[in-house]
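# Descriptive analysis of the structure
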Amino acid sequence: MTDLVDIALPAAAQATAETLGLRVQRSVTSGARVRQIPRDEAELAIEYLREWGFSARIVDGAPGDNPGTARAA
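All values derive from a computational prediction rather than experimental measurement.

Okay, unusual backbone geometry next. Phi is positive for Gln 36, close to 55°, though the residue is something other than glycine. Inspection of the secondary structure assignment puts Gln 36 in strand E3 (residues 31-38). Owing to a relative accessible area of 32%, Gln 36 belongs among the partly exposed residues under this scheme.

Turning our eyes to something else, we now look at the nonpolar core. With 15 residues, the main nonpolar core has Ile 7, Leu 9, Ala 17, Leu 22, Val 34, Ile 37 and Ala 56 as its most contacted residues. Elements represented by at least two residues in this core include exactly strand E1 (4-9), E3 and helix H2 (39-51). Ignoring sequence-local partners within four residues, the contact set of Leu 9 consists of Gln 14, Ala 17, Ala 32, Arg 33, Val 34, Ser 55 and Ala 56.

On to the environment of Phe 54. Mapped onto the elements of the fold, Phe 54 is located in the loop between H2 and strand E4 (57-60). Residues Phe 54 and Ala 17, spaced 37 residues apart in sequence, show a C-alpha to C-alpha distance of 9.9 Å.

We now examine the confidence of the model for the protein. Do not read the predicted coordinates in detail wherever pLDDT is low. Confidence in the prediction for the protein averages 85 pLDDT; 81% of positions are at 70 or higher. Between residues 69-73, whose pLDDT stays under 50, and residues either more than four places distant or in other chains, the model counts three contacts.

Spatial strand order, E2-E3-E1-E4: four strands in an open sheet with antiparallel pairing. On the outer flanks of this sheet lie strand E2 (24-27) and E4, each paired with one strand and no other. Sheet twist, expressed as the mean angle between neighbouring strand axes with direction ignored, is 35°. Bridging between E1 and E3 involves five bridges; their strand directions are antiparallel. Paired with Ala 8 across the bridge in E3 is Arg 33. Together, E1, E3 and E4 form the strand contacts of H2, whose direction differs from that of E3 by roughly 135°.

This part takes up the side chain of Thr 16. Position of Thr 16 among the secondary structure elements: in helix H1 (residues 14-19). If sequence neighbours within four positions are ignored, Thr 16 has contacts with Leu 49, Trp 52 and Phe 54.

So, about the pairing of E3. Of all eight residues in E3, six are buried; the element is thus mostly enclosed. By the bridge criterion, four bridges tie E2 to E3 in an arrangement that is antiparallel. When the bridges of E3 are listed, Ser 27 appears paired with Gly 31. Between the end of E2 and the start of E3, which pair antiparallel, lie three residues.

Cut-offs and rules
- Residues numbered from 1 in each chain as written.
- Predicted model: local features only at pLDDT ≥ 70, side-chain atom pairs only at ≥ 80, totals over all residues.
- Heavy atoms only, no water.
- Helix = DSSP H or I, 4+ residues; strand = E, 2+ residues; numbered from the N terminus.
- Buried < 20%, exposed > 50% of the residue type's maximum accessible area, 1.4 Å probe, protein only.
- Core = buried A, V, L, I, M, F, W, Y, C linked by side-chain atoms within 4.5 Å.
- Contact = heavy atoms within 4.5 Å.
- pLDDT = per-residue confidence, 0-100.
- Pairing = 2+ DSSP bridges.
- Axes fitted to C-alpha atoms, helices over the stretch in contact; angles between N-to-C directions.

Structural data, given as structure tokens:
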């Protein structure tokens, strides 16, 4: 099974990340993130973003952190 992670990045890096083919989600609470991608792809994306002057980091995806899952009230 592939290790899936999230990438946290500044909102200014959204357009650059999208040119890499990544789907960026924005949230008031968590900021701009690329969700649930394989770790090796995330590491490559981080390197490209850093080359273009953006700081980004890998965040391990928590089991309950998937926005597609229903949350109990």
